[in-house]
Amino acid sequence: MAKVNHEPIVLDINHMMSDVVGFQYGIDADHVDGMAQAAAAAQHNVAQNRGTGWLGWTELPYNQKEIVEKIETVAARVRNEFDAFVVLGIGGSALGPIAIQQALNHLHYNELPAEKRGGPRLYVEDNIDPERMAALMDVIDVKHTCFNVITKSGATAETMSQYLTVSELLKKEVGDKWAEHIIATTDTEKGNLIKLSKEHGFEVFYIPATVGGRFSELCPVGLLPAAVCGIDIRAMLEGAAAMDARCKGDDVWKNPALLEAVLQYICMEDMGINVQVTMPYADSLKYMADWFCQLWAESLGKNVTRKGMACNHGQTPVKSLGVTDQHSQLQLYTEGPYDKCITFLKVGEFRAESPIPHGCEEFPDVAFLGGKSLNQLIEAERQGTEYALYKKGRMSQVITLPEVNAYTLGQLIYFYEMTTAYVGELLDIDAFNQPGVESYKKNMFALLGKPGYEDRKAELEAALKD
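Rules used throughout
- Residues numbered from 1 in each chain as written.
- Predicted model: local features only at pLDDT ≥ 70, side-chain atom pairs only at ≥ 80, totals over all residues.
- Heavy atoms only, no water.
- Axes fitted to C-alpha atoms, helices over the stretch in contact; angles between N-to-C directions.
- Helix = DSSP H or I, 4+ residues; strand = E, 2+ residues; numbered from the N terminus.
- Parallel < 35°, antiparallel > 145°, perpendicular 65-115°, else oblique.
- Contact = heavy atoms within 4.5 Å.
- Nonpolar A, V, L, I, M, F, W, Y, C, P; charged D, E, K, R; others polar.
- Pairing = 2+ DSSP bridges.
- 1 Å grid on protein atoms, 1.4 Å probe; cavity = no way out; pocket = protein on both sides within 12 Å on 5 of 7 lines; lining within 4 Å.
- Points joined across faces, edges and corners; volume = space filled by probe spheres on them.
- Buried < 20%, exposed > 50% of the residue type's maximum accessible area, 1.4 Å probe, protein only.
- Polar contact = N/O pair within 3.5 Å; in protein donor to acceptor, adjacent residues only side chain to side chain.
- Arc of directions from axis to C-beta.
- Phe/Tyr/Trp six-rings, centres within 6.5 Å; stacked < 30°, edge-to-face > 60°.
- Disulfide = S-S within 2.5 Å.
- Left-handed = near helix turned anticlockwise from the far one by under 90°.

A. Just the packing of helix α18 (residues 435–447) against helix α19 (residues 454–465), in detail. Interaxial distance between α18 and α19 falls to 8 Å at its minimum, and their mutual angle equals 90°. By the criterion of interaxial angle, the relationship of α18 to α19 is roughly perpendicular. The segment α18 lies against α19, with S439, K442, N443, A446 and L447 engaging R456, K457, L460 and L464. By residue class, the composition of the contact of α18 with α19 is four nonpolar, two polar and three charged.

B. Broad picture of the sheet that holds strand β11 (residues 340–347). Strand order in the open sheet made by the five strands is β1-β12-β11-β7-β10, with mixed pairing throughout. In this open sheet, the two strands that pair with only one neighbour each are β1 (10–12) and β10 (316–319). Neighbour to neighbour, the strand axes of the sheet diverge by 20° on average, direction disregarded. Relative to strand β12 (residues 396–401), β11 runs parallel, the two sharing six bridges. Paired with F344 across the two strands is V398, which belongs to β12.

C. Representation of the layout of surface pockets within the structure. As a volume, the largest pocket reaches approximately 970 Å³. Lining the largest pocket are 37 residues, with T156, G213, Q434, E438 and K441 sitting closest to its centre. Among the secondary structure elements, those contributing two or more residues to the lining of the largest pocket are α5 (92–104), α8 (157–174), α13 (286–300) and α18. A per-element tally of the lining of the largest pocket places α18 first, with seven residues. Broken down by class, the residue content of the lining of the largest pocket amounts to 16 nonpolar, 13 polar and eight charged.

D. Up close: the environment of T58. Within the secondary structure, T58 sits in the loop between α3 (36–48) and α4 (65–81). Judged by its relative accessible area of 0%, T58 falls in the buried class. Between the C-alpha atoms of T58 and A47, which are eleven residues apart in sequence, the distance is 9.0 Å. Contact partners of T58, with chain neighbours within four places excluded, come to R50, G51 and Y414. In terms of polar contacts, T58 uses its side chain to reach the backbone amide nitrogen of G51, at 3.2 Å.

E. Quick peek at helix α9 (residues 192–200). Residues of α9 that are buried: L193, I194, L196 and S197. When α9 is viewed along its axis, its buried side chains cluster within an angular range of 160° and face the same direction. Residues K195, K198 and E199 are exposed on α9 and point more than 90 degrees away from its buried face. The secondary structure elements touched by the buried residues of α9 are β4 (145–150), α8, β5 (182–186) and β6 (203–206). Residue G201 follows α9 closely and has a positive phi angle near 80°.

F. Main features of the packing of aromatic side chains. In this structure the tally under the stated criterion is 13 aromatic pairs. An aromatic cluster of three or more residues is present, and its members are W291, F292, W296, F415 and Y416.

G. Representation of empty space enclosed by the protein within the structure. Overall, the coordinates contain two cavities of 30 Å³ or more when judged by the stated rule. Considered as a void within the structure, the largest cavity measures approximately 50 Å³ in volume. In this structure, the largest cavity is lined by I9, V10, L11, M243, R246, P256, I399 and F415. Contributions of two or more residues to the lining of the largest cavity are made by β1 and α11 (233–246).

H. Fine view of the state of the cysteines. Taken as a whole and assessed by the stated rule, the structure comprises zero disulfides. Lacking any disulfide linkage, C219 is separated from the closest cysteine sulfur, that of C229, by 17 Å. C341 carries a free sulfur, and the closest cysteine sulfur to it, the one in C267, is 5.1 Å from it. Taking the relative accessible area as the measure of exposure, C341 reaches 0% and is therefore buried.

I. Examining the sheet that holds strand β2 (residues 84–88) more closely. Spatially, five strands are ordered β3-β2-β4-β5-β6 in an open sheet, and the strand pairing comes out parallel. Two strands lie at the open edges of the sheet, namely β3 (121–125) and β6, each paired on one side alone. Averaged over neighbouring strand pairs, the angle between their axes works out to 20° when direction is ignored. Two elements, β2 and β4, share five bridges in a ladder whose sense is parallel. If you follow V87 over to β4, its bridge partner there is N148. Along the sheet, α4 makes contact with β2, β4, β5 and β6, crossing β6 at roughly 145°. Sheet contacts for α9: β4, β5 and β6; angle to β5, the most-contacted strand, approximately 145°.

J. Examining the packing of helix α12 (residues 256–270) against helix α17 (residues 406–427) more closely. It is at 8 Å that the axes of α12 and α17 come closest, and there the two elements cross at 50°. As the angle between them shows, α12 and α17 are arranged oblique. Here α12 runs over α17; the crossing is right-handed. For the pair α12 and α17, contact is made by P256, A257, L258, E260, A261, V262, Y265, M268 and E269 and by F415, M418, T419, Y422, V423, L426 and L427, respectively. The residue makeup of the contact of α12 with α17, split by class, is 13 nonpolar, one polar and two charged.

Quick look at the structure:
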């Protein structure tokens, strides 16, 4: 594999601070210092509980040597035997694989000829639109396709409905060898999928019991699809470990995730900044914003503290792509409510240089672009947006990836995960459950007649008649 740039990602918070954007709009350094004790307690609580409860993700950079070796072996087999690799999953089982593939492989990966791809085409089926499954079957040959079914419980209705569809089709198309086309990623002991795997002999990877879905990208959930498509998963884990090392201390000004957690806590609790916009200035990072949205929303959107006190915590994450959404959302960000913090994701060095030719000399408002590059233009656009927000007293910050590679992506993922855990501690909420998600599932089960939900079905049918 090519040599990986091991530079650290950088968090620049200058435009969050009052001495830059103004005391009326920014956060005072003394305010951050005043939270030093609470921040240290948050850091200590996370550190003390590493690897336990739902904090198993903290150990993923260190405890997967044999798993990574198996993933690489299986991935090599999949690359040799199949033309397409389809992930059947939803939520964290899909958003992470999508984000990493977009970030680290060719932006038109599936359209490349096989010899340039070096791996099968990747499809992540994260929705159950009936037209979508039909459309997938129009572009793949199931006889040459491997399906990765990802669900910890094996009872995720969306994923298991896809499994039923695919397994039935495989039985018709390939006969007795249908099970060789399925890889299961699931719980080690509990749930339907592990039982099906044992019954039919599926290749299996396990989701650690202490790792929840939105924190699962650095376990087989995300590592297998990445490896199948030729991504250096060892470098991803190395990057995560490097970020973990930077988060070991309790000094809020030296631990980047702790600093970010304190700033966002102040935004939410003291300043009414209830919207966080993630705005990558690179198409490669577009879906990192989607991945972050789930992490932030499901983890922090809670209506009760761990002590049982009523609350309505959370900050709404919004995804926005630079420069595309300068032409659709920036007007709101610069002149709308003072309720947003903008996080720019900046790339130091792109993997391609795209010069802009000279031409149209008769049009000065076009000719000035000649001799420059798209690299210069996109950074000028980002800086121009940053300054426009600054002039209006709007807070923003910049996370710079020296380049987009597996190592920097590992850092970014772990940074966001650790930040989320710290904010949960500061808010005194359970950042790892999602009771609001479970309620819709129960309603859906009732409407479809799942046994045990008869009373709820009657309640829903009565409500729907009104």
